Amino acid sequence: MKFTEFLKNNIVCLDGGMGTLLQESGLKPGEAPERLNIDDRDTIINIHKRYYEAGSNVVNTNTFGANLFHFSKEELEGIIKAAVNNAKEAKKYADENYGAKERFVALDIGPTGKLLKPLGDLDFEKAVSVFAETVKIGAREGIDLVMIETMNDSLETKAALLAVKENCDLPVIVTNAYGADGKLMTGASPAAMTFLLEGMGVDALGANCSLGPKQLRGVAEELIKYASVPVVLKPNAGLPHTENGKTVFDVGAEEFAEELYSLVKKGVRVAGGCCGTTPEYIKKLTEKTEGESPCPLTDKNITAVSSYTHAVVFDKTPVLIGERINPTGKKRFKQALIEKDMNYILNEGINQQEKGVHILDVNVGLPDIDEVAMISDTVCELQAISDLPLQIDTSDPKAMEAALRIYNGKAMINSVNGKEESMRAVFPLMKKYGGVTVALTLDEGGIPDTVEGRVKIAKKILKTASEYGISKKDIIFDTLAMTVSADNNAALVTLGALNKIKKELECHTSLGVSNVSFGLPCRDAVNAAFFALALENGLSAAIMNPYSADMMKTYYAFKALKGLDENCADYIRASESFPSAVSTSAPVSGASTAGDASGSASSELQYAIIKGLKDKAGDITKEMLSSVQPMDIVRDEIIPSLNTVGEGFEQKKVYLPQLLMSAEAAKSAFESIKDYMASHSEAKESVKKGPFVIATVHGDIHDIGKNIVKLLLENYGFDVIDLGKDVPPERIVDTVLSSKAPLAGLSALMTTTVPAMEETIKLLREKAPFCKVVVGGAVLTKEYADKIGADKYAKDAMETVRYAESIC
């Protein structure tokens, strides 16, 4: 039986932790577990056998870190080939000795340990190619499915999934590592990940690692609420601590199985364990689920798009799509595109977000530019400074694919239409990358002038979409607002078709509202009246100008009158900005402070840093240096800006990508100051604190967390000595001694490398007792940090900064 067939009607039991058992078997700190597939294959095979004996249907190969960043191509091939053969040998033994049971081998793929651009230095296509090499080798060796797990960044998750989809036709499961706040490290909610992954065609999705089953209950319940595919849960055995020098976890096998079983009863279909779990845990779990039927799968029929942080669901409350990133009728925007003035484009995005739109339309099509390159750059840059979902607006299939490929989330697409050429170009892209498309009710015959004609085209579009396996929930119809100055029945036809599609076809709808008033005076008044009529006829989303006071008044009044605004709270809040929203052009940067940290900005430079506008921050700083002392800029502008964003991050109002982009903007300002000071001897005033030695401990090749800490510390004026990853204790101690560093920061992601962290701390205590040690990483807790002798456990990068400032 194929895995997908088994998944349809059964609860699937996965295996448990590998690192935990390898440590028990003598894995040394710094030793790569993947090499044991060749060097100690009997141990690996025995672990696989134990999981099959415990009742696992699926066993993962010992390849979590097997990729080209960690091994040469030749060694990688040998490791993966051996890993698959080890698992297959264990499966064969289990089939012969443990009774009849469906058993499968999954190729295990973990994260690279690097951050992708623009937050890090790893190119998206490079990440895809690295994952692809692992996939191709595993597929050749005869695996049954692929398991992508422990991903804490949505964009890296997408890169890994694309690599699987483009290099094999095997089933794929994806699980992400959610934190205590219920989000990924880079901010994605379970709903956002659900819509991204379902859109790309995963066979099952869920959560693993980081926390125990109790702490992941909320994440699991949100996944169950939104997912139409099977939900997976692989928690840790609670939280780690040390006993007699060994890493142990605080949730026993019986409690683990009971908690997980209760979630199986709620809808989890695929269950197993991660760090700290053993065959005993899986045996208890399989005993409880034996004979149980899974909860039925249902199509949740949710129309939604997502960004790297959240989802926007099309439901009762109308969705606003900002129209201003579009050259049509905008001379200044055309100039910005030709001159590649990204600051202007980004400001349009920021200003619309502050006005309250939910999605940003992105159209950069001009005859004089390379649209493929421009739309790719714009999408990347916008997603670096805004967490709103984007609508990819282009008629060029190549530009559309380029944007969809690197888009971090499930995008909205503008558009497809009833022409065969259009549908055959757009629907394959939707099927591959996911997305919700705006479908225009026109075809080779043009735009029908009757309601029936436009509805007929809508039905044709739905029929063709179904041939590609695309559901109508991912089609939003635009019945085309035509100008009433040319045809006084134009609005009636548009509204009639909209109403019929919403009620009879049960599809969501969208309109470019402002088209209706073209050629008329006082256009805002016409647009607002038409908007109100469209909303009453079932309009789900409007592409509109959020700087129009009349349009925004109509929107908030409609919500209040339709019972969509409890206590009219949104209307009252928005009414405060109505008088200043009359202008149809973009407001001055920083004029609006709704909904983010920019309200604390008291200058242009502070605003640029808070918003993550790195080029603008550097340019403003250069201008300021002609009249302001460098250290005054640092003290009065840069540090207050970083504090504002840091406080927002600590309060969970700002997510990691925004924090990092603000740090990059501050870095740009600092570079301008450094350049100035280098050429003005009278200005050479030191801005450094520390030094601060940081490293990822011996045996651990994941340095995302360390790199984030480094960036923030440098922006707060610390002299950071970064030793990199997989650093032996002796080198860390020698560096602390030679630099007389008062602070050292140690990072570890894997449970197997925590002993190396403890060893490093002991050596620092012996050789450099003056040095304070701060530790962090996904596997650590305050209790655990205390037991291994650290001075400070920092749950995130900002807490490290706060501690460092208290010492230096």
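Parameters at a glance
- Every chain's residues receive numbers from 1 upward, in the order its sequence appears when written.
- Where totals are concerned, whole chains, interfaces and linings use all residues; where local detail is concerned, this predicted model gives features only for residues with pLDDT of at least 70, and gives and counts side-chain atom pairs only at 80 or more.
- Here the side-chain values reflect all heavy atoms present in the structure, with hydrogen atoms and water set aside.
- Nonpolar core, defined: a set of buried Ala, Val, Leu, Ile, Met, Phe, Trp, Tyr and Cys residues in which side-chain atoms within 4.5 Å join the residues together.
- The classification of residues rests on relative accessible area computed with a 1.4 Å probe and restricted to protein chains. Under 20% of the type maximum is buried, over 50% is exposed, and intermediate values are partly exposed.
- Numbering of helices and strands starts at the N terminus; helices are DSSP runs of H or I of at least 4 residues and strands are runs of E of at least 2.
- We call two residues in contact when some of their heavy atoms are within 4.5 Å.
- By definition, two strands form a pair when at least two bridges between them are found by DSSP.
- In this description, a line fitted to the C-alpha atoms serves as the axis of each element, helices being fitted only across the stretch in contact, and the angle between N-to-C directions of two axes falls anywhere from 0 to 180 degrees.
- Identification of polar contacts relies on pairs of N or O atoms within 3.5 Å, with a donor-acceptor requirement for protein atoms, meaning one able to donate a hydrogen and the other able to accept it, and with residues adjacent in sequence counted only if both atoms are side-chain atoms.
- Only the six-membered ring of Trp is used, alongside the rings of Phe and Tyr, when aromatic pairs are assigned; centres must lie within 6.5 Å, and planes under 30 degrees apart are stacked while those over 60 apart are edge-to-face, with the rest tilted.
- The predictor's confidence in any single residue is recorded as pLDDT, a number from 0 to 100.

Digging into the nonpolar core
Judged by nonpolar contacts, the single largest core of 212 residues is most densely connected at I148, V268, F427, I475, F477, F531 and I638. If one sorts the elements of this core by residue count, helix α25 (residues 656-679) sits on top with eleven residues. If we ignore the near neighbours within four places in the chain, the residues touching F427 are V416, T437, I461, T464, A465, Y468, I470 and I475. One finds A695, V754, A756 and I788 within the second-largest nonpolar core, a separate group that totals 28 residues.

Side note on the sheet that holds strand β18 (residues 475-478)
Taken together, eight strands build a closed barrel; the order of strands is β13-β14-β15-β16-β17-β18-β19-β20 and the barrel is parallel. Recorded for the sheet is a direction-independent mean angle of 30° between the axes of neighbouring strands. The sheet contact formed by β18 and strand β19 (residues 508-512) spans three bridges and is parallel. What sits directly across from D478, in β19, is S510. Its contacts with the sheet put helix α17 (residues 451-467) on β16 (412-417), β17 (436-440) and β18, and the angle it makes with β18 is roughly 160°.

Here's the deal with the sheet that holds strand β21 (residues 689-696)
The five strands lie next to each other as β22-β21-β23-β24-β25, forming an open sheet whose pairing is parallel. The open sheet is flanked by β22 (718-722) and β25 (792-793), the only strands paired with a single partner. When β21 meets β22, the two strands line up parallel, connected through four bridges. The residue bridging K689 from the neighbouring strand is F718, located in β22.

A short note on the side chain of S548
In this structure, S548 sits in the loop between β20 (541-544) and α20 (549-561). A polar contact of 3.1 Å, which involves the side chain of S548, links it to the side chain of D524.

Here we look at the packing of aromatic side chains
With the rule as written, the count across this model stands at nine aromatic pairs. Taking 5.4 Å as the distance between ring centres and 85° as the angle between the ring planes, the aromatic pair formed by F3 and F104 counts as edge-to-face. Of this pair, F3 sits in helix α1 (residues 3-9) while F104 sits in strand β3 (residues 104-109), and the two are 101 residues apart along the sequence. This pair shows no difference in class: F3 is buried, exactly as F104 is. Arranged with centres 6.5 Å apart and planes meeting at 90°, the rings of F692 and F718 form a pair that is edge-to-face. One end of the pair, F692, is in strand β21; the other, F718, is in strand β22, with 26 residues separating them in the sequence. Here F692 and F718 have matching classes, each one buried.

Looking at the confidence of the model for the chain
Per-residue pLDDT for the chain averages 92, and the proportion of residues at 70 or more is 96%. The low-confidence segment residues 580-595 (pLDDT under 50) makes 33 contacts with residues lying over four places distant or belonging to another chain.

Comments concerning unusual backbone geometry
For the bond running from K117 to P118, omega is 10°, close enough to zero to count as cis. Among the secondary structure elements, P118 is positioned in the loop between β3 and α6 (124-140). With an omega of 20°, the peptide bond running from N414 to S415 counts as cis. Of note, S415 is situated in strand β16. For K740, which is not glycine, the phi torsion reads 55° and is therefore positive. When you line up the elements, K740 lands in the loop between α27 (729-739) and β23 (743-747).

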